[in-house]
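Residue-level structural notes
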Amino acid sequence: MDDITFCMLLQNALKGIQSLLNGGKMKLTQTDKLGALLAVLKKSMFHGLPGLNLEMPMVLYPTLLPQYDGRPPAKPQQSESSTSQPTGNKKKKSKVKPKKVQHGDEEEDESSGEMEVSPVTGSGTVSLHEGNTQGSSSLGIQSLALNGSGAAGKDRVSSSFSSSSWKRVSSSESDYSDAEGGMQSKMRSYQAKVRQGALACFLSTIKSIEKKVLYGYWSAFVPDTPELGSPQSVSLMTLTLKDPSPKTRACALQVLSAILEGSKQFLSVAEDTSDHRRAFTPFSVMIASSIRELHRCLLLALVAESSSQTLTQIIKCLANLVSNAPYNRLKLSLLTKVWNQIKPYIRHKDVNVRVSSLTLLGAIVSTHAPLPEVQLLLQQPCSSGLSNSSSATPRLSPPDWWKKAPSGPSLEEATVNSPRGSSEPCWLIRLCISIVVLPREDSCSGGEAGSAAGSTYEPSPMRLEALQVLAHLARGYFSTARVYLMELGEVICKCMGEADPSIQLHGAKLLEELGTGLIQQYKPDSTTAPDQRVPVTLVVMFWTMMLNGPLPRALQNSEHPTLQASACDALSSILPEAFSDLPNDRQILCITMLLGLNDSKNRLVKAATSRALGVYVLFPCLRQDVIFVADTANAILMSLQDKSLNVRTKAAWSLGNLTDTLIVNMETPDPSFQEEFSGLLLFKMLRSAIEASKDKDKVKSNAVRALGNLLHFLQPSHIEQPRFAEIIEEAIQALISTVLMEAAMKVRWNACYAMGNVFKNPALPLGTAPWTSQAYSALTAVVTSCKNFKVRIKSATALSIPVKREHYGSVEQYAQIWKALVTALQKSEDTTDFLEFKYCASLRTQICQALIHLLSLASASDLPCIKEVLELNGDMVRSYILQFLKSEEEGDDSGAPHSLQERDQMVKMALEHISGVQPLAGDTAKRVIMGFLEEILTVYFDSAGSHVALLGLTNP
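Note that the coordinates shown come from a computational prediction; the quantities given were computed from them, not determined experimentally.

Definitions and limits used
Residues numbered from 1 in each chain as written. Predicted model: local features only at pLDDT ≥ 70, side-chain atom pairs only at ≥ 80, totals over all residues. Heavy atoms only, no water. Helix = DSSP H or I, 4+ residues; strand = E, 2+ residues; numbered from the N terminus. Buried < 20%, exposed > 50% of the residue type's maximum accessible area, 1.4 Å probe, protein only. Contact = heavy atoms within 4.5 Å. Areas by Shrake-Rupley, 256 points an atom, 1.4 Å probe, with all protein chains shown as cover. Lys, Arg positive; Asp, Glu negative; His and termini not counted. Salt bridge = Lys/Arg side-chain N within 4 Å of Asp/Glu carboxyl O. Polar contact = N/O pair within 3.5 Å; in protein donor to acceptor, adjacent residues only side chain to side chain. Expected span 1.5 Å × (residues − 1). pLDDT = per-residue confidence, 0-100. Phe/Tyr/Trp six-rings, centres within 6.5 Å; stacked < 30°, edge-to-face > 60°. Lys NZ or Arg CZ within 6 Å of the ring centre and 35° of its normal. Axes fitted to C-alpha atoms, helices over the stretch in contact; angles between N-to-C directions. Parallel < 35°, antiparallel > 145°, perpendicular 65-115°, else oblique. Nonpolar A, V, L, I, M, F, W, Y, C, P; charged D, E, K, R; others polar. Patch = residues over 30% accessible without salt bridge, like charges linked within 9 Å, V, L, I, M, F, W, Y side chains within 5 Å. Core = buried A, V, L, I, M, F, W, Y, C linked by side-chain atoms within 4.5 Å.

Take the overall build of the protein next. For the protein, the count of helices and strands is 43 helices and 0 strands. When the 956 residues of the protein are sorted by exposure, 56% land in the buried category. Excluding contacts between residues fewer than 6 apart, the proportion of contacts in the protein whose partners are at least 24 apart in sequence is 76%. For the protein, the accessible area works out to roughly 40600 Å², and carbon and sulfur atoms hold 54% of it.

Structure (structure tokens):
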């Protein structure tokens, strides 16, 4: 058949395969079928590409990959150019883009350095180093040319096609008659449609297979850095750089984007190494090389592209690459090249190019943040690459109330590092602020999509993307963003006061990120030096501005529940130290709003409110307010009954926080809170927490935490009431069953932690109550056999909490606990999961502490059992206790002694206690146990070079 009929046959066959895949009926699980399909698609992808004759095997076979957890198939984003037609013969030259490489012939070129092709006639290729970029960034194209492939002279770049017409293939129009030229053009158009059909089919294939299966074929479609002098392999980048049709180039980029989306875990193995003299290339080095080559090729494509639609796809593809590449394991400069190369496109005439450029900058500032390389880029002067328009560095006048604020001097001190005084402000923050708040320039075309008629601002997608970049900066680079705190506050007020709900929503998101950043600075484990923190007085001013502005209105905007929920999240990010300094009416406003919104019919709003109340109940200035705590408790209990799992999950978390507050209040000298807190409300909270402990794991983990706290908080006056006896039994049974059940490890960890909390309440009849033996049996079962070491650690901690011998119950009960702990010590390295090994030392520390604690409480009746176990396992126990004494390993959050002195003091106290026990007649156990402890201390102090500490402890 003739070529055009053959192209039509291929097109329809590809459409047929795509329909089967899109119908969801066909699952590509068999490797040979998938390999055969991918081989056909790869062949068809290059069908009719000038100068390329690709020989393909019948089947492509996957590369064996290192094991990693696969993710569910990500949904590749649909882009504009997948549905829209290419822009034909329209003029495509951009005013802002770097000038194209000029050469004599207007001939299409095929670069010998890029792909394995036979050269086309004519002198089309041009050395990349001859390229002259005008108006480009400080980093010229030259520095793009090489990133690992050597041989500068061999690097070529395809000149861009200023038209999608095919007429330029020959250097002379007169080679064809008009009819022949028309046929030639028609033929090329049909071939391009075959390539587009193959790429569309490939996109459907990607959606219908698991990502980890797809990555077996990575090297067949994604370029790798070629060896010195060898040709580049044929890949999706070949089409991106070489295909004369902008639509085909855009389709190839869409496919590459779909492959890159969700590839973070696969790419995380990449690692650059300077050692190239190996007998083989490790997989990690191969992936790193592939990432480098993708950067190089996409940046070449960026410079060469003239179609705005395809340009948008290149930038989106770069954003996907940046979001997934492990820059913390790669050599520096990759991000710098992308950063400098993208700057001119922020002022491109096409709004989609501008938006995607901002998306790419957002991806750079959010990938593995904070990265030192990006920190340096943010401090760069704004002169390189951006338009010299003054709008890139706006000055916003502060609102009048701020100028008149009485606390002027503290504001002056707070903004001493303000960018207004510094020579190099952060150009990206300046740029984003200008996009959001300043009227747009005439140089950008006015009638784009997303821009309301007569609107003076940039189109909405631009402003939303700029707000998103600011939110990324606030999250990852707060030290840079904090300098602009008040200015960003003005931006947020402006956005939240606008009519467009999506602008309001992004303003609220930015507020939440800034609030969270301020909280992080004041956390005890914060690395921010005290003099680098934003002063509390300034934070109070910032939040006063918010609460006097449009934030309360957004909270009441029931027409837009997503905005309401986001405003709730923002409200929950107030710095606790600043909240207490807010004007009284603003504090009441926050609390009243949240308690009122908890009745919302919308589940998003209800979930956000429940969470926010759980944050507020921990505020030092609110947690002793009995009325507020009681109101919050009632609101949370109501949300725990909701049909939505998300609402119940947030409510359970807040109930856990509320009960943490009860425990903190117990530790204060003033007993008034416990006395005033309603017993009926406590009863209701216990009842709700028991019910929630039977819910899904997400709810259950916090429900058991709350149960432990509530049982710890119960006062003797409650426990004596008959109605409480039954519910206490029920609550403890709920904890026991959760410790033993095959639930998520986080649930069991929390249940063991809760059990330890129960043991801390001296008013509970621990040791005599029937549930005592069940509780200890559950904990001993877990400490010896649970797969998860963190759960074992928490159960060992719980077993070392009771402070009196009678709390451990009968002699048999004590013996069971002692034996279980020794068995657990013996099995402290038994695991098949290598991730658990890092917890071995912590587990042994906790078990040793529990054993020493039990010895320091032992009665005469317990000694024979202890002796029996030591005769069997004494050497093993001794060696681990010595390790415990010598190691400076931090205990986990259970309160294990941290200092060496505290640890040897524990052993000495145990020895003193045993020496004071009156043994049963004829029992030799006491001497054996004392000998065991003395030997441990002797060896320990010998190694430390001191015997003095033992004197006076060895009297029988």
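In this fold, E373 is placed in helix 15 (residues 372–378). For the buried E373, no salt bridge is present, and the opposite-charge side chain at shortest range is K337, 8.9 Å distant. Here the side chain of E373 touches S333 through a polar contact of 3.0 Å, landing on its backbone nitrogen. Those residues within four positions of E373 in sequence are excluded, and the remaining contacts are L332, S333, L334, L335 and T336.

One pass over the structure, following the stated rule, counts 22 salt bridges. The residue R249 makes a salt bridge to E305 at a minimum N-O spacing of 2.7 Å. Residue R249 is located in helix 9 (residues 246–260), and its partner E305 is located in the loop between helix 11 (283–304) and helix 12 (308–324); the two are separated by 56 residues in the primary sequence. By relative accessible area, which is 4% here, R249 ends up buried. The salt bridge involving K700 is made with D697; its shortest N-O contact spans 3.8 Å. Residue K700 and its partner D697 are both found in helix 33 (residues 697–713); the two are separated by 3 residues, about one turn of the helix. For K700, a relative accessible area of 9% translates into the label buried. Judged by relative accessible area, D697 falls into the partly exposed class, the value being 31%.

By secondary structure assignment, the location of K698 is in helix 33. Residue classification places K698 among the exposed residues on the basis of a relative accessible area of 57%.

A few words now on the environment of L658. By the element assignment, L658 lies in helix 30 (residues 645–666). The spacing of L658 and A633 is 25 residues in sequence and 7.3 Å in space, taken between C-alpha atoms. Residue contacts for L658: discarding those within four places in its chain leaves V617, V629, T632, A633, I636 and M685.

Take helix 37 (residues 771–785) next. Two residues of an α-helix separated by three or four positions point the same way, owing to the 3.6 residues in each turn. Along its 15 residues, helix 37 runs 21 Å from first to last C-alpha, staying within 8% of the 21 Å computed at 1.5 Å per residue. If you follow the buried residues of helix 37, they end up packed against helix 35 (722–740), helix 36 (745–759), helix 38 (789–799) and helix 39 (811–826).

Counting all residues, the mean pLDDT for the protein is 80, and 76% of those residues have values of 70 or more. For the stretch residues 443–454, pLDDT sits under 50, and the model shows 17 contacts to residues farther than four places along the chain or on other chains.

Note that the residue after A369, namely P370, is joined by a cis bond; omega there is -5 degrees. Along the chain, P370 falls in the loop between helix 14 (351–366) and helix 15. We note that S333 has phi near 95 degrees; this positive angle belongs to a residue other than glycine. Within the element layout of this structure, S333 appears in the loop between helix 12 and helix 13 (334–342). Residue S333 is classed as partly exposed on the basis of its relative accessible area, which comes to 29%. Phi angles above zero are rare outside glycine, and H368 is one such case at about 45 degrees. As for its placement among the helices and strands, H368 is situated in the loop between helix 14 and helix 15.

Let's shift gears to the packing of aromatic side chains. Applying the stated criterion across every chain, the model contains 18 aromatic pairs. Ring centres 4.7 Å apart and planes at 25 degrees place the aromatic pair Y616 and F619 in the stacked group. Like Y616, the residue F619 is buried in the burial classification. Three or more aromatic residues joined by ring pairs make a cluster, and in this case those are Y215, W218, F266 and F283. Looking at K42, its charged tip hangs above the ring of F221, at a distance of 5.8 Å from the centre. Over the ring of Y190 we find K193; its NZ or CZ atom is 5.9 Å from the centre of that ring.

Turning our attention to the packing of helix 21 (residues 485–496) against helix 23 (residues 536–548). Where helix 21 contacts helix 23, the two axes come as close as 10 Å, and the packing angle between them is 10 degrees. The angle between the axes of helix 21 and helix 23 places the two elements in the roughly parallel class. Contacts between helix 21 and helix 23 pair L485, M486, G489, E490, I492 and C493 from the former with L538, M541, F542, M545 and M546 from the latter. The class makeup of the residues in the contact of helix 21 with helix 23 is 9 nonpolar, 1 polar and 1 charged.

On the surface, a cluster of nonpolar side chains totalling about 330 Å² of accessible area is made up of M1, F6 and L9. Checked against the element boundaries, L9 lands in helix 1 (residues 3–22). Here L9 falls in the partly exposed class, since its relative accessible area comes to 47%.

Taking 1.5 Å as the rise per residue, helix 14 with 16 residues should run 22 Å; its terminal C-alpha atoms sit 23 Å apart, in good agreement. In terms of residue burial, helix 14 counts as a mostly covered element, since 13 of its 16 residues are buried. Note on helix 14: the residue one or two positions beyond its end, H368, has a positive phi of about 45 degrees.

What follows concerns the nonpolar core. Within the largest apolar cluster, 280 residues are counted, with the highest numbers of intra-cluster contacts made by F202, L428 and Y616. At 12 residues, helix 41 (residues 863–886) tops the list of elements feeding residues into this core.

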